[in-house]
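Structural overview
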There are 2 protein chains.
Amino acid sequence: MASGTKRLPRAVREQQMLDAAVTAFSANGFADTSMDAIAAEAKISKPMLYLYYGSKDELFSACVARESGRFMEAVSSGFDLSMRQRDQARTLVREFLRYVYENSDSWRVLYRVAVGSASFAHIVTESRNGVTAMITDLIRRGTTTEGASDVDFELTAVALVGAGEAVADRVSDGGIDLERATDLLLSITWRGLRGVNVHDDDH
Amino acid sequence: MASGTKRLPRAVREQQMLDAAVTAFSANGFADTSMDAIAAEAKISKPMLYLYYGSKDELFSACVARESGRFMEAVSSGFDLSMRQRDQARTLVREFLRYVYENSDSWRVLYRVAVGSASFAHIVTESRNGVTAMITDLIRRGTTTEGASDVDFELTAVALVGAGEAVADRVSDGGIDLERATDLLLSITWRGLRGVNVHDDDH
């Protein structure tokens, strides 16, 4: 073609390499993905790949940084403290699950591959802590229960984030209707956001 | 001592090696734990360790199998369909979190180390699916909502198991009161168990 791969600007080529790497890591994990496989997926030579990313570690790190940033951007774009709490919860859950639905490779790289690696888990942990902090804030604002402490708010947020991740992981496997998953997760989340109930008086 | 290590029966020594391995893997993950370190922790020679477990993979596999079995036994000992649903939920949550609280190394090996490894993740997945199936059953029995499907029951169970795992992981780090965590998780779980609400009518 007229615009052969050699003419591509560096930034474009970098993104193409990262796209190929995310696809490969998502499918086969970190240990079982070779630089050869990524180069083949990106339709470039292996020396070229090494020229841009000096090692598999470095390439994976760049993948995790990019995907983590995209994920946080998608989720936090739905965060708006001026919304009613109910609408806020719906928006967060919807944007979160939509991201996973539309970017299942990205989700798998972060949630399945990076979390299992001692060197990269901290990046995912930071994203998770960011989301947990948002949710903690929402719960604190919505709670009127006497006697609830910051520990309760945070632990409830931890539980809701865990629920969200588990549902998202199922969504990323396909076969689950996105709207239905959103309604279900919202229903559970909303019950949690209604307020922390430490006294178990739900009889 | 009179009963030197050489006199120990094979079964006892195996358990000691597994204890040492669980401690080491829990602290440092799979890749960064050496057979040397495990032998040192178990106070035996490395050749002896290799005599019992031919490779690090085999040893880790034995750890995961033992801890996974212990975990499932602890949780399913609290499963009794003749109990009132409310008591059933409380018992399951309490036994689950107590296990994690009292066996944080075991939990970390399963939840943090094994899930991140392509070769061992399936063992944890099987345990998780077993627990999810129990919870799905509980939800189905407790649901009166019209129009809820098996997919809804299962996805709700997935969410609750995810919430439970996230809270448990926090509990395993210490600094969280076990009773308080149990009450909080039960409160969230109970709201989920009350029945699947797919129509978002919680206004």
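Structural data are supplied above this passage.
The text that follows walks through the structure, step by step, so that each part is easy to find.

Criteria and cut-off values
- Residues numbered from 1 in each chain as written.
- Chains lettered and ligands numbered in written order.
- Predicted model: local features only at pLDDT ≥ 70, side-chain atom pairs only at ≥ 80, totals over all residues.
- Heavy atoms only, no water.
- Helix = DSSP H or I, 4+ residues; strand = E, 2+ residues; numbered from the N terminus.
- Buried < 20%, exposed > 50% of the residue type's maximum accessible area, 1.4 Å probe, protein only.
- Contact = heavy atoms within 4.5 Å.
- Expected span 1.5 Å × (residues − 1).
- Phe/Tyr/Trp six-rings, centres within 6.5 Å; stacked < 30°, edge-to-face > 60°.
- Lys NZ or Arg CZ within 6 Å of the ring centre and 35° of its normal.
- Axes fitted to C-alpha atoms, helices over the stretch in contact; angles between N-to-C directions.
- Parallel < 35°, antiparallel > 145°, perpendicular 65-115°, else oblique.
- Left-handed = near helix turned anticlockwise from the far one by under 90°.
- Nonpolar A, V, L, I, M, F, W, Y, C, P; charged D, E, K, R; others polar.

So, the overall build of chain A
The helix and strand tally for chain A stands at 9 helices and 0 strands. Its helices and strands taken in sequence order, chain A reads α-α-α-α-α-α-α-α-α from the N to the C terminus. Counting only residues that meet the buried cut, chain A has 51% of its 203 residues in that class. Here the contacts in chain A between residues at least 6 apart in sequence split such that 69% fall between residues at least 24 apart.

Structural notes on unusual backbone geometry
One non-glycine residue with positive phi stands out, namely A:Lys43, at about 55°. Looking at where A:Lys43 falls in the secondary structure, it is placed in the loop between helix H2 (35-42) and helix H3 (46-52).

Some words on helix H1 (residues 10-28) of chain B
In an α-helix, one full turn covers 3.6 residues, which means residues spaced three or four apart are oriented alike. Residue and element names in this part refer to chain B. If you check H1, its first and last C-alpha atoms are 27 Å apart, about what 19 residues at 1.5 Å a residue would give, namely 27 Å. Taken as a whole, H1 has its buried residues at Arg13, Met17, Leu18, Ala20, Ala21, Val22, Ala24, Phe25 and Ser26. The elements touched by buried residues of H1 are helix H2 (35-42), helix H3 (46-52), helix H4 (56-76) and helix H6 (104-113). At the exit of H1 stands Gly29, carrying a positive phi of roughly 80°.

Structural notes on the packing of aromatic side chains
All names here are of chain A. Scanning the entire structure with this criterion turns up 20 aromatic pairs over all chains. Ring pairing ties together the aromatic residues Phe71, Phe96, Tyr99, Trp107 and Tyr111, which thus form one cluster. Positioned above the aromatic ring of Phe30 is the side chain of Lys56, whose terminal nitrogen or guanidinium carbon lies 4.5 Å from the ring centre.

Concerning the packing of H6(B) against helix H8 (residues 150-172) of chain B
Residues and elements named next belong to chain B. At their nearest, the axes of H6 and H8 sit 10 Å apart, and the two run at 135° to each other. In terms of orientation, H6 lies oblique with respect to H8. Crossing of H6 against H8: the hand is left-handed. Between H6 and H8, the residues in contact are Ser104, Trp107, Arg108, Tyr111 and Arg112 and Glu165, Ala166, Ala168, Asp169 and Ser172, respectively. Among the residues forming the contact of H6 with H8, the class breakdown is 4 nonpolar, 2 polar and 4 charged.

A short note on the side chain of A:Thr33
By the element assignment, A:Thr33 lies in the loop between helix H1 (10-28) and H2. A:Thr33 has contacts with A:Ala24, A:Phe25, A:Asn28, A:Ile38 and A:Lys56, leaving out every residue within four places of it along the chain.

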